[in-house]
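Take a look at the letters that make up each chain.
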Amino acid sequence: MPYKLSWEPRGVYRRYLGDVTIAERRHSFDRICADPRFDDLRYTITDYLDVGRYEITDEATEEIAAMHVGPMRTNPRIVIAAVVVDARIIAAIQHFISLEYIRQPYRIFPTADAAREWTGAEALRFVPPVLHPRT
């Protein structure tokens, strides 16, 4: 499996390893969202530092961003961090963020320590926006 999930008291740490396909990224997302602990999450950190090949398309990035809408409405208190230095992956994450499908804070960091420091502080101060149903 090209990823590992580590559940923590207030969050989940996902670490991608080796060659990662779009299908495997979707699978890891589905596992997190389907887990009973999802409703209690306050942060997610995804670590891309050990990625070899990483399958990226604009269409897949847009689809995965859209897949976040429902879960982020279910648990709007989550803040999101990525640990990454690969320019291709950073560009894909920036594309995801630019779509503005979700309102949760999403930041990129070069180290896990920096991501953990930010998620710890941000999860405490982040107040989710009030979402009104569309009429």
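Since the structure is predicted, the reported quantities are computational estimates derived from the model, not experimental observations.

Asks: Residue-level account of the overall build of the protein, with values.
Replies: A count of helices and strands for the protein gives 5 helices and 5 strands. Shown N-terminal to C-terminal, the secondary structure of the protein runs as helices and strands in the order β-β-α-β-α-α-β-α-β-α. For the protein, the C-alpha radius of gyration of 14 Å lies close to 14 Å, the compact-globule estimate for 135 residues. On the principal axes, the C-alpha backbone points of the protein span a range of 40 × 35 × 25 Å. Of all 135 residues assigned to the protein, the portion counted as buried reaches 43%. For the protein, long-range pairs separated by at least 24 residues make up 78% of all intrachain contacts whose partners lie at least 6 apart in sequence. Summing over all exposed atoms, the protein offers an accessible surface of approximately 7,500 Å²; the carbon and sulfur share of this is 52%. The averaged location of the 19 negative side-chain charges in the protein is 5 Å from the averaged location of its 18 positive side-chain charges.

Asks: Just give me the short version of unusual backbone geometry, but keep the residues and values in it.
Replies: One non-glycine residue with positive phi stands out, namely E100, at about 55 degrees. Looking at the element boundaries, E100 is found in the loop between helix 4 (87–98) and strand 5 (106–109). The class of E100 is exposed, set by a relative accessible area of 65%.

Asks: Which residues make up the packing of helix 2 (residues 58–67) against helix 4, and what values go with them?
Replies: As a packed pair, helix 2 and helix 4 sit with axes 9 Å apart at the nearest point and diverge in direction by 50 degrees. Taken together, the axis directions place helix 2 and helix 4 in an arrangement best described as oblique. Regarding helix 2 and helix 4, the two cross each other, and that crossing is right-handed. For the pair helix 2 and helix 4, the contacting residues are D58, T61, E62, I64 and A65 in the first and A92, H95 and F96 in the second. Tallied by class, the residues present in the contact of helix 2 with helix 4 amount to 4 nonpolar, 2 polar and 2 charged.

Asks: Kindly report on the pattern of salt bridges, identifying the contributing residues and their values.
Replies: Applying the stated rule across the entire model yields 6 salt bridges. A salt bridge links R15 to D50; the shortest N-O distance between them is 2.6 Å. In this pair, R15 is assigned in strand 2 (residues 11–20) and D50 in strand 3 (residues 43–54), connecting sequence segments 35 residues apart. Since its relative accessible area comes to 29%, R15 is described here as partly exposed. D35 serves as the salt-bridge partner of R37, at 2.8 Å between the closest nitrogen and oxygen.

Asks: Describe the packing of helix 1 (residues 22–34) against helix 2, listing the residues and the values that go with them.
Replies: Their axes nearest at 11 Å, the elements helix 1 and helix 2 cross at an angle of 5 degrees. As summarised for this structure, helix 1 and helix 2 are arranged roughly parallel, according to the angle between their axes. Residue-level inspection shows I22, R25, R26, F29 and D30 of helix 1 in contact with helix 2, the latter providing A60, T61, E63, I64 and M67. Across the contact of helix 1 with helix 2, the residue classes tally to 5 nonpolar, 1 polar and 4 charged.

What counts, and where the lines are drawn
Residues numbered from 1 in each chain as written. Predicted model: local features only at pLDDT ≥ 70, side-chain atom pairs only at ≥ 80, totals over all residues. Heavy atoms only, no water. Helix = DSSP H or I, 4+ residues; strand = E, 2+ residues; numbered from the N terminus. Rg over C-alpha atoms; globule rule 2.2 N^0.38 Å. Buried < 20%, exposed > 50% of the residue type's maximum accessible area, 1.4 Å probe, protein only. Contact = heavy atoms within 4.5 Å. Areas by Shrake-Rupley, 256 points an atom, 1.4 Å probe, with all protein chains shown as cover. Lys, Arg positive; Asp, Glu negative; His and termini not counted. Charge placed at Lys NZ, Arg CZ, Asp CG, Glu CD. Axes fitted to C-alpha atoms, helices over the stretch in contact; angles between N-to-C directions. Parallel < 35°, antiparallel > 145°, perpendicular 65-115°, else oblique. Left-handed = near helix turned anticlockwise from the far one by under 90°. Nonpolar A, V, L, I, M, F, W, Y, C, P; charged D, E, K, R; others polar. Salt bridge = Lys/Arg side-chain N within 4 Å of Asp/Glu carboxyl O.

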